[in-house]
Every structure is written in C-alpha cells, then in structure tokens.
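Coordinates in review
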Amino acid sequence: MRDFSYVRANSLDAARQAAALPGAMLLAGGTTLIDLAKCGVAEPETLVDIAHLKGLDRIEVNERGATIGALARMSHVADHADIKSRFPAVSEALWQAASAQIRNMATIGGNLMQRTRCPYFRDPANFPACNKRQPGSGCSAIGGVTRGHAVLGISDACIAMYPGDLAVALVAFDAIVHLGERHIPVDDFFLLPGTTPDREHAIEPGEMITGIEIPGSASARRSTYLKIRDRQSYEFAAASAAVGIEFEPDGRTIRDLRVALGGVATKPWRARAVENALKGKVLEPDTVRAASLLAVEGSVDHGANHYKVELAPRVVARAIRKLGETA
Ligand SMILES: Cc1cc2nc3c(=O)[nH]c(=O)nc-3n(C[C@H](O)[C@H](O)[C@H](O)COP(=O)(O)OP(=O)(O)OC[C@H]3O[C@@H](n4cnc5c(N)ncnc54)[C@H](O)[C@@H]3O)c2cc1C
Ligand code: SF4
C-alpha cells in the first residue's frame, strides 16, 4: 500500500472538487476501498473522506417511495421499519450481505460502487493481465478458474461478476441513482464490460452518489430477495434473485412481476423475459418453472461456472413460488 494524502471534506461541493483531482478517491465506510488499496488494485493519491458530510444519511419513506442518502449505513437501511414493510427485497438483500460489522460501517453509496471479487483482478502481483485493471493487458480469468464468474453480460475482454446484493433489488424496482442534480436509472448506472471493462459506472469525474430513490409499488411491497451461496453467511451470491409480484384481485393471476438476478452477471441483471412471460398468467408451478428458464437466455459459461446457468432459474422459480404462497 503506497502513501496517500487524506482530506476530510466538510461540504458536498468540497468533496466533489477534491474528488475531481487526478488520483483522488472518495472514502465512505472504507470497508472495501482499504482492502483494494492493500492488495494494490486501488492506488489513490488522495483519499477524500466523505463519511462526516451532514444530511447524506437520511432515510425517508412515503407513499411515493423511498429516498436513501448515500451515507446511510447498510444496517440502518436494512432495519428501517418502512423499508422492511414497503421494500422487503431491499431489506433482505442488505441483511444477507457481508457481515454485521461491515454492514454497520458500510454505506449505500459505497455498496453500489463495490468492485468485482474476481480473484485475478485482486491479485495484481501474480496476475498482471486484467483488462479491468489495466486496459489492453488481457484477461487472466478466461482460460483460468471461472467458478465465480459471470454467465450473462460478458464480453471477450472481461467475464467478472458484479458481486453486490442491494443493486439487484434496486434494478428490479426501477430505482434511480442521484448524482447530485443528475439522476439516472440504476440499470443505466451500471455498465456492461464490452471492450472497456475498466469503466463500470456512468459516473463522471467530480460526481458522487448523493442518494437513491426507489419508487413505491405493489410489487415492491410484496417482494423478496433469495440468495444462494457456498455458505449461509458472510459470502457472496452464487446466484440470487430479487422478485416482486402484484396479483389481480383473484389472488392468482399475475398483474405485475419484477425479476432481477445477482451473482451471475457482469452487472445487476433485470430478467424482463421472465416478467413478460408471466404477466397475465395464473401462478402455476409448471408455468413458473418454464418462464424462469428465460432468466438465463443468452448466457455463455466457461465450464466451471456452468452450474449458474442451472441454478439461477431455480432461484427465480423458488422466489416467485414463495411470494405466491403468501398471496
Ligand atoms: C469480506 C467482505 C464480504 C462482503 N460481502 C458482501 C456481500 O455478500 N454482499 C454485498 O453486497 N457486499 C458485500 N461486501 C461489500 C460491502 O458491502 C462493501 O464493502 C461496502 O458496501 C462498501 O461500502 P463503504 O461505505 O465501506 O465503501 P468504501 O470502501 O468507502 O468505498 C467503496 C468504493 O465506493 C466509492 N464511493 C464510496 N462512496 C461513494 C459515493 N457516495 N459516491 C461515489 N463513490 C463512492 C469509493 O471511492 C470506493 O471506490 C463485502 C465486503 C467484504 C470486505
Ligand atoms: S474477468 Fe475481468 S476482472 Fe477478472 S481478470 Fe478478466 S478482465 Fe480482469
């Protein structure tokens, strides 16, 4: 870890100005940035500490939806009574992320900006080839060990999986990322790797996440986040699904359905084909099973991660069935 200077920002404008300087990086909870600096992936010249900025940790929920400040802690959002009742998938996604200690420190903005857990990306000393770290250097994962890598949204340049949980729930419910005055849908905030895997987010120098907005809906209210992982806690997803459902008054016909996948794609992955196949249909096990297979339409695996192609549709189907049982 190399030397860096430290700036404690005392206003939003000061934070943005400092963050626009070459080599500057924002520091919020520090739970992942410090790790990245230690392993030589992040080499900030200046750390701009935003953790003490006032007013960015608010959580407001009303009939229209929720607005969550970028500095709200994961644990506070997960445990907020109105988030739990109106956006259960958001609360559950946060509860199943990381550990209690990390959730108490980590912020919502930092959570969205977390980087891939691709082991080659995180080991520059032994694996210099990584297009995400060093554009044009190649990809050590392709042809290497790929058990944790993505099967959706990949490119010839990068197959790294987006590891976060919260963003999966946010994509399902059309959340919007606030970058100060500029607001963009969360689905557009995360970029596919294409030929430029080093560019992961639609954020410009001098911009920072100030908050997120989640529109309220009946499907968000009846929602869940199901996460399958190698061990039951403190582990990233092998495959996960955020699902929300709204039924017609008969309690069986699907009026609205939201499905997004985690653990299997290079960004939080909205599965619109599953949604479209089931809207207007009566919730029956065979129909749900067949539609859930559409979740991995277009997937490409690299051998060791083939299990994700089978696992993801099962996770989707199980989450939909679970919500049906509570109808
Ligand atoms: C062992 C371990 C297990 C984990 N398991 C999970 C898991 O299962 N699921 C999951 O979702 N996450 C998991 N995480 C990731 C964890 O959720 C993140 O470390 C945390 O959310 C990051 O938040 P932070 O505030 O500490 O960010 P920091 O470490 O402070 O910053 C992270 C990045 O975001 C940038 N940043 C911070 N705030 C802003 C902002 N407002 N605007 C723009 N950029 C900003 C920083 O510059 C940095 O690049 C795990 C982490 C660890 C270490
Ligand atoms: S998958 Fe992406 S992050 Fe991992 S080594 Fe290849 S280019 Fe780097």
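Everything discussed here concerns the structure shown above.
The following refers to the structure shown. The structure presented is a predicted model; accordingly, all values stated were derived computationally and were not measured. Position numbers for residues count from 1 along each chain, tracking the sequence in the order it is written. Note on labels: chains are lettered from A, ligands numbered from 1, in written order. For this predicted model, a pLDDT threshold of at least 70 governs which residues receive local features, and a threshold of 80 or more governs which side-chain atom pairs are given and counted, while totals over whole chains, interfaces and linings are taken from all residues. Calculated side-chain values reflect all of the structure's heavy atoms, with hydrogen atoms and water omitted.

Comments concerning the site of ligand 2
Keep this limit in mind: If even one non-hydrogen atom of a residue comes within 4 Å of a molecule or strand, that residue is called near it. The nonpolar class holds Ala, Val, Leu, Ile, Met, Phe, Trp, Tyr, Cys and Pro. Asp, Glu, Lys and Arg form the charged class, and all remaining residues, Gly among them, are polar.
Neighbouring residues of ligand 2: 14 residues in total, closest C118, C130, C139, C158 and I159. Along the lines of polarity and charge, the residues of the shell around ligand 2 split into 10 nonpolar, three polar and one charged.

A few points about the environment of S91
As a reminder, the rule being used: The helix and strand labels rest on DSSP assignments: H or I over at least four residues marks a helix, E over at least two residues marks a strand, and numbering proceeds from the N terminus. Throughout, a residue-residue contact means that at least one pair of heavy atoms, one from each residue, lies within 4.5 Å.
Tracing the chain through its elements places S91 in helix α5 (residues 88-95). In this structure, S91 is in contact with A78, I83 and K84, ignoring residues within four places of it in sequence.

A closer look at the pattern of salt bridges
To keep it simple, the criterion reads: Every case where a carboxyl oxygen of Asp or Glu lies within 4 Å of a side-chain nitrogen of Lys or Arg is listed as a salt bridge.
Overall, the coordinates contain 20 salt bridges when judged by the stated rule. R258 is the salt-bridge partner of D174, the closest N and O atoms lying 3.2 Å from each other. Here R258 lies in strand β11 (residues 254-262) and D174 lies in the loop between α8 (166-172) and β6 (176-179), a separation of 84 residues in the sequence. Here R199 ties to E204 by a salt bridge, and the two come within 3.5 Å at their closest N and O atoms.

Describing unusual backbone geometry
Glycine aside, the phi torsion of most residues is negative, and most peptide linkages are trans. The phi dihedral of A98 falls on the positive side, at around 55°, and the residue is not glycine. Relative to the helices and strands, A98 resides in the loop between α5 and α6 (100-105).

Interpretation note: all reported values are geometric properties and have no functional meaning in isolation.
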